[in-house]
Every structure is written in structure tokens, then in C-alpha cells.
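# Remarks on the overall topology
Take a look at the letters that make up each chain.
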Amino acid sequence: MADLPPKKGDPEWEEWAEDILDSTEFDTDLGKRISKDALRIAEGELSKAEFHERYSDEMKAEFGVDERPTEPAPETDTAMPRVPGDRNQTRRNVLKAMGGAAAAVGLAGCVGASADDGSETGGNPEPDTQLGMAIDTERCIACLQCSEACKEENNTDIGVHWPYVFRYEDEHAGENREDFLTRHCQHCSEPSCTYVCPTQARYRRTEDGLVLTDYDTCVGCKYCQVACPYGVNYLGKDEPNEVVGNEFDGDRVGRDGRTVGGNPPKGVMGKCTFCVHRQDSDDEELQGTTACEQACPVDAIHFGDMKDRDSDPREHLREKEASNQYKLLDEVGNEPNIVYIGKRPSKDAEPVQGPVSYEQLNMRDGNYDYVGAPEDAAAESEEGDAA
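All values derive from a computational prediction rather than experimental measurement.

About the cut-offs
- Residues numbered from 1 in each chain as written.
- Predicted model: local features only at pLDDT ≥ 70, side-chain atom pairs only at ≥ 80, totals over all residues.
- Heavy atoms only, no water.
- Patch = residues over 30% accessible without salt bridge, like charges linked within 9 Å, V, L, I, M, F, W, Y side chains within 5 Å.
- Areas by Shrake-Rupley, 256 points an atom, 1.4 Å probe, with all protein chains shown as cover.
- Salt bridge = Lys/Arg side-chain N within 4 Å of Asp/Glu carboxyl O.
- Lys, Arg positive; Asp, Glu negative; His and termini not counted.
- Charge placed at Lys NZ, Arg CZ, Asp CG, Glu CD.
- Helix = DSSP H or I, 4+ residues; strand = E, 2+ residues; numbered from the N terminus.
- Buried < 20%, exposed > 50% of the residue type's maximum accessible area, 1.4 Å probe, protein only.
- Contact = heavy atoms within 4.5 Å.
- Pairing = 2+ DSSP bridges.
- Core = buried A, V, L, I, M, F, W, Y, C linked by side-chain atoms within 4.5 Å.
- Expected span 1.5 Å × (residues − 1).
- Bend = angle between axes of the 7 residues up to and from the residue.
- Disulfide = S-S within 2.5 Å.
- Axes fitted to C-alpha atoms, helices over the stretch in contact; angles between N-to-C directions.
- Parallel < 35°, antiparallel > 145°, perpendicular 65-115°, else oblique.
- Left-handed = near helix turned anticlockwise from the far one by under 90°.
- Nonpolar A, V, L, I, M, F, W, Y, C, P; charged D, E, K, R; others polar.
- pLDDT = per-residue confidence, 0-100.
- Phe/Tyr/Trp six-rings, centres within 6.5 Å; stacked < 30°, edge-to-face > 60°.

### Considerations on a negative patch on the surface
Together, D10, E12, E15, D19 and D22 make up a region of like negative charge exposed at the surface. Of note, D22 is situated in the loop between α1 (11-21) and α2 (28-42).

### Things to note about the environment of V165
Along the polypeptide, V165 turns up in strand β2 (residues 164-172). Classification of V165 by relative accessible area gives buried; the value is 1%. Linking V165 and L144, residues 21 residues apart in sequence, is a C-alpha distance of 6.7 Å. Once residues within four sequence positions are removed from consideration, V165 is found in contact with A142, L144, C146, S147, L181, T182 and Y358.

### A short note on the pairing of strand β10 (residues 338-341)
Going residue by residue along β10, you find I338 and Y340 tucked away on one face and V339 and I341 tucked away on the opposite face as well. Relative to β10, strand β1 (residues 131-136) runs parallel, the two sharing 4 bridges. Along β10, the bridge assignment pairs I135 with Y340. Note that strand β9 (residues 325-326) and β10 share 2 bridges and pair antiparallel.

### Structural notes on the nonpolar core
With 54 residues, the main nonpolar core has M133, W162, L181, Y230, F274, L328 and Y340 as its most contacted residues. Those elements that place two or more of their residues in this core are β1, α5 (145-154), β2, β3 (175-183), β5 (211-213), β8 (301-305) and β10. Setting aside chain neighbours within four positions, we find M133 in contact with H184, F274, T290, C292, I301, H302, F303, M306, P313, N337, I338 and V339. Of all hydrophobic cores here, the second largest spans 23 residues; its members include A17, A38, L46 and Y55.

### A word on helix α3 (residues 48-63)
Between its first and last C-alpha atoms α3 spans 20 Å; for 16 residues at 1.5 Å apiece the expected length is 22 Å, and the helix comes up short by more than 12%. The largest bend in α3 is about 45 degrees, located at S56. Inspection of α3 places F51, H52, Y55, S56, M59, E62 and F63 among the buried residues, and these make up the whole buried set. Once α3 ends, the next one or two residues include G64, with phi positive near 85 degrees.

### Re the state of the cysteines
A full pass over the atoms with the stated rule returns 0 disulfides. Cysteine C150 shares no disulfide, and the gap to the nearest cysteine sulfur, in C275, comes to 6.3 Å. The class for C150 is buried, based on a relative accessible area of 7%. For the unlinked cysteine C221, the closest cysteine sulfur is that of C197, found at 6.3 Å. Classification of C221 by relative accessible area gives buried; the value is 7%.

### Topic: the packing of α2 against α3
The interhelical angle for the contact between α2 and α3, taken along N-to-C directions, is 160 degrees, at an axis separation of 11 Å. By the angle between their axes, α2 is roughly antiparallel relative to α3. Read as a crossing pair, α2 and α3 show a hand that is left-handed. The segment α2 lies against α3, with L30, R33, I34, D37, A38, R40 and I41 engaging K48, F51, R54, Y55, E58, M59 and E62. Classifying every residue of the contact of α2 with α3 gives 7 nonpolar, no polar and 7 charged.

### Side note on the confidence of the model for the chain
Summary statistics for the chain give a mean pLDDT of 83 and a share of 79% for residues scoring 70 or more. For the stretch residues 78-88, pLDDT sits under 50, and the model shows 24 contacts to residues farther than four places along the chain or on other chains.

### Concerning unusual backbone geometry
Phi is positive for A142, which is not a glycine, with a value near 55 degrees. Structurally, A142 is set in the loop between β1 and α5. Of the residues examined, A142 reaches a relative accessible area of 1% and is grouped as buried. One non-glycine residue, N362, adopts positive backbone phi at about 60 degrees. In this fold, N362 is placed in the loop between β11 (350-351) and α11 (375-382).

### Considering the sheet that holds β2
The antiparallel open sheet is built from 3 strands, whose spatial order is β3-β2-β11. Each of the sheet's edge strands pairs with one partner strand only, and the pair in question is β3 and β11. In this structure, β2 lies alongside β11, joined through 2 bridges in antiparallel fashion. Bridged to E169 within β11 is E350.

### What to know about the packing of aromatic side chains
Going through the model one piece at a time under the given rule, you end up with 8 aromatic pairs. Ring geometry for W13 against W16: centres 6.0 Å apart, planes inclined by 55 degrees, an arrangement best described as tilted. With W13 and W16 both in helix α1 and 3 residues apart, the pair spans about one turn of that helix. Given a relative accessible area of 2%, W13 falls into the buried group.

### Some thoughts on the packing of α1 against α2
Packing of α1 against α2 leaves a shortest axis separation of 9 Å and a crossing angle of 130 degrees. With respect to their mutual orientation, α1 and α2 come out oblique. Where α1 crosses over α2, the two elements pack in a sense that is right-handed. On α2, the residues touching W13, E14, A17, E18 and L21 of α1 are T28, G31, K32, S35 and K36. Among the residues making up the contact of α1 with α2, the classes are represented as 3 nonpolar, 3 polar and 4 charged.

As C-alpha cells, then:
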């Protein structure tokens, strides 16, 4: 489908990846190679052990650490050192500080999360709970209320929409028709984005399967962005929307002690968290909810535990069992945890505008930012040109 990142193997993929990675201070070639191989793990073409060994020396040389979850972390009861909070430092200096902290406590690899703090390591079992969604595109009316509610809740940057609503025209049974598809982070069970993170800032939380970013340990290398087939990652710019959105008032620190809630700081990668601050809240009325789900006027978004047959998404999938159901890019092998109900968009689907534009709701349509659009294109969008 148009507007998703090029697939690994497509001629456009190389240029797309270079555009993203060249904007960082880190090794572009390494980022391309490791991201392609991370996707090969999802496709079953490469084992995690082979993958880890192949890049271990290069990752240590480039980042000073290699805390990828493809190798089980050593057991330790020592608290994970935090990265100094001075965002004015270069990311390389941050990594040096992390390496120094590791040496100070005498632990190889202690900058990564231990098996006890809720993050994924190679040897951890699958979570008993897997949060996910059923999104009913047969009900969606592309009103963009989900995008607006997310922005108000998480105060994301201008042009950044963690749930982005694609509006497209496609051919069905010989007739062109307009359809909609809301794309969140898919919170995959096999998240290739985590396999390339040198500091294990991007991780899958063991207790509920959420794929999150620790804002304190992310170094902004963008390797996760290139290794994700869904195009849902946005580097923080410290440019929150001036019209829509409020200061984030949730708890940024999750139940595992890592800083994961709300909008990311400048230079740190962010994406949909399934409103992790709500899931970790002491308020039972917020637990098990997301802002986008609550805002949807047609009840198209159903959030809950995909392993619980009595959860809201599972019940809705049963109610709509006569309709087509699919997972986005399921063939890639990342095992996404959002199930769509309705017609699957074809490879020939073409984006269209309307019925409601982001600009009409005082938001910028910055969809193409994630593909590494040049600055002039972003400027044009800021003036109101749709992506």
C-alpha cells in the first residue's frame, strides 16, 4: 500500500533508509545492514543467535555497548544506571557516559535492562497478557478524532500522528471505492525494531507485550525506524503542536521504572505507546483504555488483551467473524497485535484527501516525515500542503 515504507528488497528501500540514517551521527551502512537482517529474523531466514554474533563487534565499535535483546542479559540485581539528563550532550557522549557507568559497577552489559525489570531478553518467556487492538475499518469514517485525541493526550510534535489515518482509493470488484485505515504501532510479538537497538532502549515489556522506548537510554540512531516495516517511528523535535494538544500530565515513568510515557524529548525516538501511562495508572478507570479508542465516535477501535478470549477486541472480532479480518503486512513476520476488520488495501491503493483533513482540525499532516523527507518538503507541509 502506498505511504508505508518500501519493503526490504524493493529498489527504493536503500534510498529510503539512507535518507533516514544520514541525518544522524551514526554509521549509515551498519544501520542499513543490521536493519535488513533484523527483518530477516522476522521472516525466519536468520536466527537471533547468528544475527547477534554477526553484528556484535561492529555495534560495540560504533556505540561502545551492545545490549540488543537477541542475546540473553546476564542475571543481576544491580539497578540499571540512568543516562545523564543533559540533552545538550552529543549522543556519542551519552554513550560514553553509559559505558563509564557500566565500568563503575563492574558489569559487562549492565546498561541494558535485566531480566527482572520487565523488559524483554532473549531467554524470557512470552507474556501472559498481550495488549493489542481490533480496528474495524468497516465502521471507520476517517473523522481523525483518534489522531486528535492522541495529540491532546500525549502532546506529540507538529505533524506527528501516532495513530495516522490513511485515506485511500482502491479497486474492489471492478469499482473504485474509498476506504480508510488507521495505523498505530503494531506492538509486534517479534519486534524487529528492538533487535537493532544498541542500548535496549526500544524493548518489549514482558508483562503485557507493549513495545516501548526508554527515553533515558535512547541515543537517536534511528536504526529502529529503519528496521520497522510499518513507518510508525518519529524522532522527537521538541515542537509540540501549538493548537491541538496539552502539556503531558501523565506519569512518564512506567511500572518497570523506565521513562516511557508521553511525547519523547528532542533527539529521542517516539511512537504510539498504547497510552502506557494509562495502563500503569492507579486509576482503574484509565487502565485498559486508550485516548484514541475513547474518542472514536463509531466504536471502530477496540483495545485489550488479545490473549483473553473475553476481552473487548476478541469479542468484537467474533461479532464480525463474517467480515474479512487481517493483520497489516502479516507476511513480513513481525507478528503484529492489531487485527483489522474490512477490505485489505491492495498494493495499488492510492492515497486521497478527505473527508476531513488534518488541517481542518488545526493539525499538520506530516505523514511523510517518517520517510526522511527533506527539510524543504517539511516546510511546504507546514504551510498547509498535504503529504
